[in-house]
Amino acid sequence: MSFLNIQGLSKQWADTRVVEDINFEICEGEFIALLGPSGCGKSTTLKMIAGLETPTAGNVILNGQNITNRTPGQRQLSMVFQSYALFPHLSVKENIVFGLKARKVPVNERNKRLRHAVELVNLGDQINKKPSELSGGQCQRVALARAIVSQAPLCLMDEPLSNLDTKLRNEMRTEIRALQKQLGLTVLYVTHDQVEAMSMADRIILLNAGRIEQMGSPQALYNEPASSFVARFIGHPPMSLMTRDKHLIGIRPEHITLCKSGYSEGIATHNPNKNPNNNASVIHCDYHGADTLISVDFQGSALMLSLQGHHLFQAGHPLAITWESQHEHYFSAKTGLRTANL
Amino acid sequence: MKLNMPRHQQIYAWLLLFPALALLAAFTHIPMIKTLWRSFTSSGMQNNTGFTLDNYRYLLEDDVFWQVLSNSLWYAAVTVPVSMILALAMALWVNGKIRGRSALRLAYFTPTILPMITVANIWLFFYTPEIGLFNNILGWFGHSGYNWLGDPDLSLFSLMLMTIWKEAGFFMIFYLAALQGISRDFYQAAAIEGSSRWTTLRRITLPLLMPTTLFVLINAFLNAFKLVDHLFILTKGGPNNATNLLLYYIYENAFSFFDAAYASVLTVVLLSILVVLAVFQFGVIERRVHYR
């Protein structure tokens, strides 16, 4: 039986439909990422599940109970905010046990949970400090500890890492995932960062304009994007799409290679003008360290390919590119939906 | 403190400070010192009569002074907390999602826009025994009404009521601004943690409003001692000094009884009270206030 069941959840502000008929189910202990570009309705969806927004239609069923009309406090869930939402006038300790005090949990139990949570998130020496004395990463840990002590079976996270710098974000990603597994938490994690979603989640729900575009494992979204939107969204850099008749053909940058004949003498020394297989010309090169992203003009469409190492071509430099047909993805030009390969 | 700055920068600094310093000195510091000096060295309207403690001796024997002091303290002790609590309650209310809250906010703020003299004239009409609004309303219930301003037991209370009406709306604006500065995330986090309305108010809203509360408290106390305009219209300190406040008594002594020396002594008393209040507020309360 599903742990969290979302049925036909919709939200409408005046004439704009922010979230439209969202349905999904989550099993206990799963880590689910709600992914999408900004304004796609992912935060609104999360807030409706939390009870902070009232849905226009639909039901939220947690553990077999319809909680759609319950207050946030009655829903048995915890939440980590993007801003951390730590109370600035309370110490770390008081922030963490705020909810336990509000729920009148006995002192012994409160202290036991506090010690446990503080240990889990590694905050030992900080518990008497005020949030303003902590770094961003430490604030994030306090927010996590506050979610942990509540022992709520479902934890909602609203872009919890987006205020941290890249290095810290990578560390916290691993840590949150480890915590989630250790505590067996069910996590619904909102993010606009596909790297977070791909690396942390068991399954990803990709939202676009208030609707679910695709739901599945990270590999499924990457290997078999259900629509041209998913294809353009997932992957860094994303899939390039070319229009051919009534189809869009997608090909990932890492699947495009230079023709063998053009490769034999090495790219830098190769005299490009004499290669009869030349079919593309360079538009722009982007050096990333381990690889170089090259956008090329291929028969009137812009394609991206990534080559290992450092390659800087002049604009207009001809190249001979190729790929294997098994790596092609086909989408209907009209609906954008995936179609069988031709 | 020794300032490590080149000489020409020091001159700039003093030049920039000069206008404010000159005004403060001319209208605040020098008069204060002069008042203190005169309270010891003058008698009636005559200056430089030699050092004397007579003025202070008279102060201790002056029954009217003690009544005025007690009136002023009561006036502050009642109007300050009541208008602040009312202001907070109104701010919490008009900060919520209610219909016509702009109109409501404006309505609450209106008394503040009016000059105190105008307010006093309006309330004079409310309080007048025969044709006054209050007694008319009481009349509908068969009550003979009160002599709001003429009854010594009632008149100070009547003044307090009007002051609260005037001040609460002003303080509400400060509370409202502060409330709107509190992030909604705090309330959402508290809601998720199962915090009741009362707990949220007590443990989040009120502590976060403390800087505002301190500011309003200082202003409210200063106003309580500073505002005497309404006395000129409503009671002139009467009946039998029942509504006489310290500043009005100073005015009476200086400009009605022409006893500048005694007015100086009373001014020293008033200043001392305000200094003690300021020290208490900034020294004691501020340490317990959380500033973001």
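Residues numbered from 1 in each chain as written. Chains lettered and ligands numbered in written order. Predicted model: local features only at pLDDT ≥ 70, side-chain atom pairs only at ≥ 80, totals over all residues.

Notes on the overall build of chain A
Piece 1. If you tally the helices and strands in chain A, you get nine helices and 20 strands.
Piece 2. Taking the principal axes of the C-alpha coordinates as reference, chain A spans close to 80 × 45 × 35 Å.
Piece 3. Per-residue burial for chain A yields a buried fraction of 39% across its 342 residues.
Piece 4. Within chain A, counting contacts between residues at least 6 apart in sequence, those at least 24 apart form 61% of the total. (Helix = DSSP H or I, 4+ residues; strand = E, 2+ residues; numbered from the N terminus. Buried ≥ 20, exposed ≤ 12 C-beta atoms within 10 Å, placed from the backbone. Contact = placed C-beta atoms within 7 Å.)

Thoughts on the sheet that holds strand β6 (residues 77-80) of chain A
Residue and element names in this part refer to chain A.
Piece 1. Strand order in the open sheet formed by six strands is β6-β7-β8-β3-β9-β10, and the pairing between neighbours is mixed. Two strands bound the open sheet, and with one partner strand each, they are β6 and β10 (211-216). Geometrically, the sheet is characterised by an average inter-axis angle of 20° between neighbouring strands, direction not taken into account.
Piece 2. Helix α4 (residues 136-149) rests against β6 and β7 (154-158) of the sheet, and its axis sits at about 175° to β6. (Pairing = 2+ DSSP bridges. Axes fitted to C-alpha atoms, helices over the stretch in contact; angles between N-to-C directions.)

Structural notes on the pairing of strand β8 (residues 186-191) of chain A
All names here are of chain A.
Piece 1. For β8, the buried fraction is high: six of the six residues fall into the buried class.
Piece 2. Residues Thr186, Leu188 and Val190 of β8 are buried on one face, and the alternating residues Val187, Tyr189 and Thr191, pointing to the opposite face, are buried as well.
Piece 3. Looking at chain direction, strand β3 (residues 31-35) and β8 are connected through five bridges and run parallel. Bridge pairing links phenylalanine 31 to valine 187 in β8.
Piece 4. Between β7 and its parallel partner β8, the chain crosses via helix α5 (residues 166-183), and the hand of that crossover is right-handed. (Right-handed = clockwise from strand over helix to strand, strands pointing away.)

Section: helix α11 (residues 246-256) of chain B
Residues and elements named next belong to chain B.
Piece 1. Along α11, the positions that sit buried rather than exposed are Leu246, Tyr248, Tyr249, Ile250, Glu252 and Asn253.
Piece 2. Buried residues along α11 sit against α3 (63-95), α9 (197-226), α10 (229-234) and α12 (260-285).
Piece 3. Positive backbone phi, at 50°, marks phenylalanine 258, one or two positions downstream of α11.

Topic: the domain arrangement of chain A
All names here are of chain A.
Piece 1. Looking at chain A, the domain boundaries give domain 1 (4-229) and domain 2 (241-339).
Piece 2. Taken over C-alpha atoms, the centre of domain 1 sits 39 Å from the centre of domain 2.
Piece 3. With five residues of domain 1 at the interface, the matching set in domain 2 holds seven residues.
Piece 4. When grouped by side-chain class, the residues that make up the side of domain 1 that touches domain 2 number three nonpolar, two polar and no charged. (Domains from an automatic or database assignment. Nonpolar A, V, L, I, M, F, W, Y, C, P; charged D, E, K, R; others polar.)

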